[in-house]
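Tertiary structure, described
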Amino acid sequence: MILCCGEALIDMIPEPLAMSSASGADGFVPHSGGAIFNTAIALGRLNAPVAMMTGLSNDLFGQQLYDDLAKSKVDTSYLVRQDRPTTLAFVQLTDGHASYQFYDENTAGRMLTVEDMPAVPDEVKALYFGGISLASEPCGDAYAGFLEQAPEDCLIMIDPNIRPSFIEDEDRYRARLAKMMSLATIVKTSDEDLLWLSGQSVSLDQAIKDLLAAGPSVVILTEGSKGATAYLQNGTQVRVAANKVDVVDTVGAGDTFNAGVLCMLSRLDHLSRAALNTAGTDVIEEALRFGAKVAAVTVSRAGANPPWAQEL
Ligand SMILES: Nc1ncnc2c1ncn2[C@@H]1O[C@H](COP(=O)(O)OP(=O)(O)O)[C@@H](O)[C@H]1O
Ligand SMILES: O=C(O)C(=O)C[C@H](O)[C@H](O)COP(=O)(O)O
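Residues numbered from 1 in each chain as written. Chains lettered and ligands numbered in written order. Predicted model: local features only at pLDDT ≥ 70, side-chain atom pairs only at ≥ 80, totals over all residues. Heavy atoms only, no water.

An unreviewed UniProt entry lists the protein chain under the name 2-dehydro-3-deoxygluconokinase, from Cognatishimia activa.

The structure is reproduced here in structure tokens:
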């Protein structure tokens, strides 16, 4: 079982209002989202064994998120339900590229605490973390504490998916991320994340070397339409191209890519730290290829709408 730990939120996506088309005004339509939620949904649709852990509101949006998880075959038994509001992300789309304005004060997701976290269940073989839930408190500390008590052989994947405009206490966030990434098996970053992490003062190559030196067995760099590269501890690089598709928008591309990687590692029986440490380049390549394949479907349609296994 892969346990996805982090934000589930509502992306408010602008869409033209038919009624007021003369004025060209947009309305905002509530779509289920959140980086970690998107990965959980994608894994469920690919028939991978997956559960989600997050603070989930009892409000109408929390119910929407819950229903969508259940529909996509994500195990909901580790959700922590709360009488607090759902996080909202108002989206601006510019040429298919999304930017986000978050409303996250006092929410069910943000107010998750260390005391809310269970022990890591025995059935969990992999933990997945990332997104804005690592950037705020108290939930960031709750997830970091949960990771620290994971069994030695649990595969841990982190995608920091950094939103600079969301960060309140940068020093605390950097320290938390550094600690979590040092304990991770796989860190997935975009070039923008890497530049932020390295403080912009070094080349991408050096930033990757520094990240590998900090602990993870594999660093994966995704570069949108240019594809993805895995960097291994022994200096090997595994590169795959992006699949060619007509792009509608890139919302959820990285999240779906990560699901593809984890799903393929599960199918190849490589869902453990030890298996990944000794994995051949063929396994890594197959995982990246599947990540690229499923992400290509997501970018070919509106919003984060990952494919079902039967669509591939
Ligand atoms: N324009 C695109 N065409 C085809 N595949 C894409 C495109 N953009 C992203 N992808 C796929 O999704 C993966 C992750 O995208 P990327 O934009 O790098 O991630 P993130 O959303 O984390 O920034 C890429 O490595 C690629 O496989
Ligand atoms: O959770 C967050 O950080 C969000 O911004 C909400 C979005 O639903 C996804 O994150 C979009 O995911 P990507 O397009 O893959 O980066």
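Read on, since the account is not over.
**Some remarks on the overall build of the protein chain**
Put simply, the rule is: By definition, any uninterrupted DSSP run of H or I lasting at least four residues is a helix, any uninterrupted run of E lasting at least two residues is a strand, and each is numbered from the N terminus. We compute the radius of gyration over the C-alpha atoms and compare it with the globule rule, which gives 2.2 Å times the number of residues raised to the power 0.38. Relative accessibility thresholds used throughout: buried, under 20% of the residue-type maximum; exposed, over 50%; partly exposed, between the two (1.4 Å probe, protein chains only). The contact definition used throughout considers only heavy atoms, calling two residues in contact when any of these lie within 4.5 Å. Here the open area of atoms and residues is found with the Shrake-Rupley method and a 1.4 Å probe, where only the protein chains shown may cover a residue. Positive charge is attributed to Lys and Arg, negative charge to Asp and Glu, and no charge count is given to His or to the chain ends. Just so you know, the charge point we use is NZ for Lys, CZ for Arg, CG for Asp and CD for Glu.
Across its full length, the protein chain holds nine helices and 14 strands. Its C-alpha atoms give the protein chain a radius of gyration of 18 Å, within 12% of the compact-globule value 20 Å for 312 residues. The C-alpha extent of the protein chain, read off along each of the three principal axes, is 60 × 45 × 45 Å. Here the protein chain holds 312 residues, and the buried ones make up 56% of them. Pairs at least 24 residues apart make up 70% of the contacts formed inside the protein chain by residues separated by at least 6 positions. In the form shown here, the protein chain has an accessible surface area of approximately 13300 Å², with 51% of it arising from carbon and sulfur atoms. Distance between charge centres in the protein chain, computed from 22 positive and 40 negative side chains, equals 4 Å.

**Points about the site of ligand 1**
Condition: Throughout, near means a residue has at least one heavy atom within 4 Å of the molecule or strand. Each polar contact in these results corresponds to two N or O atoms within 3.5 Å; when the atoms are within protein, one needs to be able to donate a hydrogen and the other to accept it, and residues that are neighboring in sequence are counted only if both atoms are side-chain atoms. Three classes are used, and their members are as follows: Ala, Val, Leu, Ile, Met, Phe, Trp, Tyr, Cys and Pro are nonpolar, Asp, Glu, Lys and Arg are charged, and the others, Gly among them, are polar.
Taken together, 17 residues are adjacent to ligand 1, and Lys188, Thr222, Gly224, Asn243 and Gly254 come closest. Lys188 is positioned such that a nitrogen or oxygen atom in its side chain is 2.8 Å from an oxygen atom of ligand 1. Here an oxygen atom of ligand 1 sits 3.2 Å away from a polar atom, N or O, in the main chain of Gly227. Here ligand 1 loses 85% of its free accessible area of 560 Å² to cover by the protein chains. Those elements that place two or more of their residues in the shell around ligand 1 are strand S11 (186-190), helix H7 (253-267) and helix H9 (281-299). By residue number, the principal contributor to the shell around ligand 1 is H7, which donates three residues. By residue class, the composition of the shell around ligand 1 is eight nonpolar, seven polar and two charged.

**Details of H7**
Applied cut-off: Helix span, expected: 1.5 Å multiplied by one less than the number of residues in the helix.
End to end, H7 covers 21 Å across 15 residues, agreeing with the expected 21 Å (1.5 Å per residue, within 8%). Across the 15 residues that make up H7, a large majority, 12, are buried. Taken as a whole, H7 has its buried residues at Ala253, Asp255, Thr256, Phe257, Asn258, Ala259, Gly260, Val261, Leu262, Cys263, Met264 and Leu265.

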